[in-house]
Amino acid sequence: FFSQFAPERAFLSFPMGSGNLEAIKYVRGSLQLLNQKLLPAEEVYDDSSTAELVFHAIRDMKVRGAPAIAISALLGLAAEVHNAKSTARSSGYGTLDEALGTLSGKLDYLFESRPTAVNLGNAVRECKEHLQQAHAKLTPDQASMLMDSFIEFAEEYFATDVRINTGISQCGATHILATCRKDPSQKIKMLTHCNTGALATTKLGTALGVIRFVHKDGMLERAFCTETRPYNQGARLSAYECVSEGMPTTLVVDSSVSYLMADVGIDCVVVGADRVCNNGDTANKIGTYQVALAAKYHKVPFFVAVPTTTLDLTLADGSGIEIEQRPTTEITHNPQTGARVVVDSELLSVWNPSFDVTPASVISGIITEKGVILPDADGKYDIRKWLESVSS
């Protein structure tokens with residue numbers, strides 16, 4: 001499979017525990033994104049320093065993961081805005097009102113790159129609210145100050161995500177080590193699906209960040225990564241991250257998870273998510289639902305690790321989540337050569353959703369930077385009520 005992505009390339013090898021993976025490299029005026037479609041064969045950073053470039057990086061899945069998508073979108077536009085200021089390429093920013101309209105339009109454009117990712121929608125909404133507030137305090141000739149305000153907002157969003165990742169990782173590791181083993185000296189076997197590490201966020205990650213902290217505490221027996229078809233983010237990215245961090249790691253095909261739990265034994269599953277509804281229903285990479293069902297049957301705790309920005313209180317349950325259909329060629333064609341690799345017939349159709357929705361009833365807990373959300377005595381979640389309790 002890997003040769004489809006990077007034929008005739010030598011794969012990268014890592015010294016154990018080298019760590020320090022970065023998917024996002026930003027300095028003012030420049031955004032470089034690690035092209036994750038080329039991993040693990042090559043580490044290539046693509047220039048994404050305009051709204052258009054970062055839009056296509058997101059849409060083409062060169063960058064992925066709900067937090068990383070939101071931050072990349074803001075930073076790509078921030079780099080463009082900085083360069084427009086510094087090089088007099090300020091078309092669309094002549095007056096304060098014009099600058100507000102330009103920035104708002106570009107944010108709307110970026111939102112369309114991945115509408116399923118709630119973090120991106122939240123970032124766009126919060127940024128537009130910030131711009132409106134800043135606009136109200138400025139005079140018509142202070143367009144450049146509005147541009148500066150946007151850049152500062154984007155950079156603070158980036159810094160905040162690093163703090164959030166640390167909180168999720170610590171909360172999750174502490175809870176799992178306290179609840180998922182019988183003996184305090186027992187090391188645990190943890191399964192994850194897709195990629196939710198430093199390549200999907202800014203530094204540590206969400207679900208993979210939790211596994212990192214368990215490993216850091218010396219309590220990880222082994223990490224298990226699913227391949228995660230059809231893009232193989234688990235095989236190409238999660239395994240890459242785990243090995244680079246010095247974790248004992250086993251790669252499994254998606255369809256082996258049930259037998260893995262029955263034969264080898266897994267102590268817990270931890271995954272990320274693109275959206276969590278008020279009742280706990282969770283949208284994540286296709287295949288998550290079947291992993292959760294297998295975990296429920298085998299009495300393996302199943303956790304979702306997300307920043308609170310991924311909690312979507314506007315949706316009562318998962319029935320309102322928009323699920324994107326990915327191109328059929330992801331399944332039918334070799335991504336490098338473009339050659340069709342399955343039968344070509346009018347009788348054959350392809351169904352290729354990006355995500356599925358895991359019902360809250362099979363989720364053991366939702367890990368956030370503010371703590372772990374647990375179901376009530378009836379097995380129900382009320383995310384809004386929990387958020388109000390931790391905010392009061």
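By convention here, each chain's residues receive numbers from 1 onward along its written sequence. In keeping with the model being predicted, local features are shown solely for residues with a pLDDT of at least 70 and side-chain atom pairs are shown and tallied solely at 80 or more, while totals for entire chains, interfaces and linings include all residues. Computation of side-chain values: all heavy atoms of the structure, hydrogens and water removed.

A. Examining the overall build of the protein chain more closely. Runs of H or I in DSSP of at least four residues are treated as helices and runs of E of at least two as strands, each being numbered from the N terminus. Across its full length, the protein chain carries twelve helices and 14 strands. C-alpha atoms define the radius of gyration, and 2.2 Å times the number of residues to the power 0.38 defines the globule rule. Its C-alpha atoms give the protein chain a radius of gyration of 21 Å, within 12% of the compact-globule value 21 Å for 392 residues. Based on the C-alpha atoms only, the size of the protein chain along its principal axes is roughly 70 × 55 × 50 Å. In the protein chain, buried positions account for 55% of the 392 residues. When checking whether two residues touch, look at their non-hydrogen atoms; a contact exists if any pair is within 4.5 Å. Restricting to contacts in the protein chain with at least 6 residues of sequence separation, those with at least 24 account for 75%. Accessible surface computed for the protein chain: about 16700 Å², of which carbon and sulfur atoms make up 53%. With 35 positive and 45 negative side-chain charges, the protein chain shows a separation of 4 Å between the mean positions of the two kinds. Classification of residues uses two cut-offs on accessible area relative to the type maximum, computed with a 1.4 Å probe and protein chains only: under 20% is buried, over 50% is exposed, and between them is partly exposed. Where accessible areas are quoted, they stem from the Shrake-Rupley method and a 1.4 Å probe; at the residue level, only the protein chains shown are allowed to cover. Asp and Glu count as negative and Lys and Arg as positive, but His and the ends of the chain are not part of the count. Positions of charges follow a simple convention, taking NZ of Lys, CZ of Arg, CG of Asp or CD of Glu.

B. Structural detail: helix α5 (residues 118–136). A helix is expected to reach a length of 1.5 Å times the quantity of its residues less one. Taking 1.5 Å per residue as the helical rise, α5 with its 19 residues ought to reach 27 Å, and the 27 Å between its terminal C-alpha atoms agrees with that figure. By the burial criterion, the buried members of α5 are V118, N119, L120, N122, A123, V124, C127, L131, A134 and H135. Next to the buried residues of α5 lie α3 (66–86), α4 (96–111), α6 (143–179), β8 (275–277) and β11 (311–312).

C. Quick peek at the sheet that holds strand β2 (residues 30–34). In this scheme, strands are said to pair when DSSP sees at least two bridges between them. Spatial ordering of the open sheet is given by β1-β2-β3, a layout of three strands whose pairing is antiparallel. Since the sheet does not close on itself, it has two edges, and those belong to β1 (24–27) and β3 (45–47), each with one partner. On average, each strand axis in the sheet is inclined to that of its neighbour by 20°, with strand direction left out of account. In the sheet, β2 pairs with β3 via three bridges, with the strands oriented antiparallel. The residue of β3 that forms the bridge with Q32 is D47. Every axis corresponds to a line fitted to the C-alpha atoms, with the helix fit spanning only the stretch in contact, and the corresponding angles, defined between N-to-C directions, vary from 0 to 180 degrees.

D. A look at the packing of aromatic side chains. Pairs were defined over the aromatic rings of Phe, Tyr and Trp, the Trp ring being its six-membered one, requiring ring centres within 6.5 Å. Orientation was assigned from the angle between planes: stacked under 30 degrees, edge-to-face over 60, tilted for the rest. Enumeration over the complete set of coordinates arrives at two aromatic pairs. When the ring of F55 is compared with that of Y109, the centres are 4.4 Å apart and the planes differ by 15°; the resulting orientation is stacked. With F55 in helix α2 (residues 51–59) and Y109 in helix α4, this residue pair connects regions lying 54 residues apart in the sequence. Here F55 falls in the buried class, since its relative accessible area comes to 9%. Residue Y109 is classed as partly exposed on the basis of its relative accessible area of 32%. Centre to centre, the rings of F153 and Y157 are 5.6 Å apart; their planes meet at 35°, and the pair counts as tilted.

E. Structural context of the nonpolar core. Formed by 54 residues in total, the largest nonpolar core has its most connected members in I24, L74, L146 and F150. Breaking this core down by element, the ones donating at least two residues are β1, β2, α2, α3, α4, α5, α6 and α8 (233–244). Element by element, the count of residues in this core is highest for α3, at twelve residues. To define a nonpolar core, start from buried Ala, Val, Leu, Ile, Met, Phe, Trp, Tyr and Cys residues and group those joined through side-chain atoms within 4.5 Å. Membership of the second largest hydrophobic core comes to 29 residues, among which are V300, L311, I373 and L387.

F. Region of the structure containing unusual backbone geometry. Between L39 and the following residue, P40, the backbone shows a cis peptide bond with an omega angle of 5°. Within the secondary structure layout, P40 lies in the loop between β2 and β3. Phi is positive for M61, which is not a glycine, with a value near 65°. With respect to the helices, strands and loops of the structure, M61 is situated in the loop between α2 and α3.

G. Focus on the pattern of salt bridges. Note on definitions: salt bridges are taken to be side-chain nitrogens of Lys or Arg within 4 Å of carboxyl oxygens of Asp or Glu. Considering all chains together, one arrives at 15 salt bridges under this definition. As a salt-bridge pair, K128 and D108 come within 2.7 Å of each other at their nearest N and O atoms. With a gap of 20 residues between them, K128 in helix α5 and D108 in helix α4 connect regions that are remote in the sequence. Overall, the relative accessible area of 25% leaves K128 in the partly exposed class. A salt bridge links E324 to R114, with the shortest nitrogen-to-oxygen separation between them at 3.9 Å. Note that E324 is positioned in the loop between β11 and α11 (329–332) and R114 in the loop between α4 and α5, a separation of 210 residues in sequence. Of the two residues examined, E324 and R114, each falls in the buried class. Overlapping salt bridges bring together R125, E126 and E129 as one network.

H. View of the side chain of T201. Within the secondary structure layout, T201 lies in the loop between β4 (188–192) and α7 (207–216). Classification of T201 by relative accessible area gives buried; the value is 1%. Counted as a polar contact is a pair of N or O atoms within 3.5 Å, where, for protein atoms, one must be capable of donating a hydrogen and the other of accepting one, and residues adjacent in sequence contribute only when both atoms are in side chains. Among the polar contacts listed, one links the side chain of T201 to the backbone oxygen of G197, at a separation of 3.0 Å. A distance of 3.2 Å separates the side chain of T201 from the backbone nitrogen of G205, its partner in a polar contact. Here T201 is in contact with I24, P67, A68, D161, N165 and T206, once residues within four sequence places are set aside.

I. Structural context of a nonpolar patch on the surface. Together, V341, V342, V343 and L348 make up a nonpolar patch on the protein surface, roughly 320 Å² of accessible area in all. Structurally, the position occupied by V341 is in the loop between α11 and β12 (355–358). With relative accessibility at 52%, the residue V341 sits in the exposed group. Patches in this entry comprise residues that are over 30% relatively accessible and not in a salt bridge; like charges within 9 Å are linked, as are nonpolar side chains (Val, Leu, Ile, Met, Phe, Trp, Tyr) within 5 Å.

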